[in-house]
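Observations on the three-dimensional arrangement
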Amino acid sequence: MTSPPRVGIIGIGQSAFKPRRDDASYPDLVREAVNLALADASLELDEIEAIVYSLSPDAMVGIGNAERLGVDAVGARNKRFLRINTGGATGISSVAAAYYHIAAGACDVIMTAGADKVGECGDSQTVLNKIWDPIYERSLPLGTITMLAMSGIRYAHKYGMTEEDMAAVVVKNRRHASLNPNAHLRKQTTIEEVMASRYISWPVKLFDCCPQSSGGGAMVLASEKYIKDRNLDAVWITGLGHCSESYYLGDRMGEGFTADHADAHALAGAFKRAYKMAGITDPRKQVDVAELYAPFSNTEFHSIEAAGLAELGKSVRPLREGAYNIEGEVAVNPSGGTLCTNAIAVTAMIRVAEVALQVRGKAGGHQVKGAKIGIASGNGGDHQFFGTMVVEA
């Protein structure tokens, strides 16, 4: 089999994520990120050949088929335009769709962009409750918090994780976010403060939860020929993978199930595919930095394991010992991650963008020294859709 065409990242734009952005409309936020990405790529909007629009459920925006609202903001008039929505995985799915446009030869330069105002949409958990089956699951009631709290209980039962272990994830990521000017939650915290925060859904407490963020993100991708002809700086997407899980949570629970809700088997499948494409055989030794989509503290453990950075149930101790700190063996979420910033439509895109900044050596105060190979992931639906990516210098 011949090697796929190389696709590079040449432009990155992300706003400073905040609880609210009353100064900017939804299209304003998208355009803010677009302008930053274009400036980073030294391109004009007219030079972009196609747009992949990264958009969370319409109810988050309050407008049906809300991609229509963003067409002018991204300069998509008379251009190819594709809207993507895979829940929390939307951002990385959008980068993948942009990649496929170029790899297929449909165009040479493409932009993916989006924005969200999660904290301004009302009760996001009421919106997200609608993703579950209305007869068997919705009335529990399920939301992303209760769904992943059950995962935390299962993980603790299987592997002995404690609430203090969960708190250690929060402390690490908040310290990292304090170094990142674009992060939403930038105040450092302690295990004691995390433990003292109120329960949302046991064992998940307030500080164990991601925030509801407002902000935008955009990325410009281009073909190898386009990049070389113009002598542009780029980092390269060398591997990507996707994998989906069953719909019903009950199909992932209990002894004997191949997909245990404690773990992230489908995410591991997505990483396996991305690693095969990138030629990575030992991620613990080859990967320098990881931006893993973990919206609650307990989910970072099974994300680390799914990425092959630890065996199943074995990530708790090394995290406690600092192995995943920004100066550790493999830096995990040096930006602060989803736990510190979550504008749903672009959260997983920012995971890729942050890894790209790391391997470019342009991550600023949260730069991982000597980072050359990075990985990113996104999770969507009821922990059902997973996307992964490998980015190299």
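Just above, that's the structure.
Thresholds applied
Residues numbered from 1 in each chain as written. Predicted model: local features only at pLDDT ≥ 70, side-chain atom pairs only at ≥ 80, totals over all residues. Heavy atoms only, no water. Phe/Tyr/Trp six-rings, centres within 6.5 Å; stacked < 30°, edge-to-face > 60°. Buried < 20%, exposed > 50% of the residue type's maximum accessible area, 1.4 Å probe, protein only. Helix = DSSP H or I, 4+ residues; strand = E, 2+ residues; numbered from the N terminus. Polar contact = N/O pair within 3.5 Å; in protein donor to acceptor, adjacent residues only side chain to side chain. Contact = heavy atoms within 4.5 Å. Pairing = 2+ DSSP bridges. Salt bridge = Lys/Arg side-chain N within 4 Å of Asp/Glu carboxyl O.

Side note on the packing of aromatic side chains
Enumeration over the complete set of coordinates arrives at 7 aromatic pairs. Aromatic side chains tyrosine 99 and tyrosine 100 sit 5.8 Å apart centroid to centroid with 80° between the ring planes, which places their arrangement in the edge-to-face category. Its relative accessible area of 41% is what places tyrosine 100 among the partly exposed residues. Pairing tyrosine 247 with tyrosine 248 gives two aromatic rings, centres 5.0 Å apart and planes at 70°, and the pair type is edge-to-face. Here the aromatic residues Tyr136, Tyr247 and Tyr248 are joined through ring pairs into a cluster of three or more.

Comments concerning the side chain of glutamate 163
One can find glutamate 163 in helix H7 (residues 163–177). For glutamate 163, a relative accessible area of 17% translates into the label buried. Of note is the side chain of glutamate 163, whose polar atom sits 3.3 Å from the side chain of tryptophan 202. Residues contacting glutamate 163, with those up to four places away along its chain left out, are Met195, Tyr199, Trp202, Pro203 and Lys205.

So, the pairing of strand E12 (residues 385–392)
A large share of E12 lies buried, amounting to 7 of its 8 residues. In the sheet, strand E8 (residues 235–244) pairs with E12 via 8 bridges, with the strands oriented antiparallel. If you follow serine 244 over to E12, its bridge partner there is phenylalanine 385. Across 8 bridges, the pairing between strand E11 (residues 373–380) and E12 is antiparallel.

Some points on the pattern of salt bridges
Close approach of charged atoms lets side chains of opposite charge pair. Overall, the coordinates contain 20 salt bridges when judged by the stated rule. Here arginine 20 ties to aspartate 22 by a salt bridge, and the two come within 3.2 Å at their closest N and O atoms. On the accessibility criterion, arginine 20 (45% relative accessible area) is partly exposed. Where glutamate 67 meets arginine 83, a salt bridge forms, and the shortest distance between an N and an O atom there is 2.7 Å.

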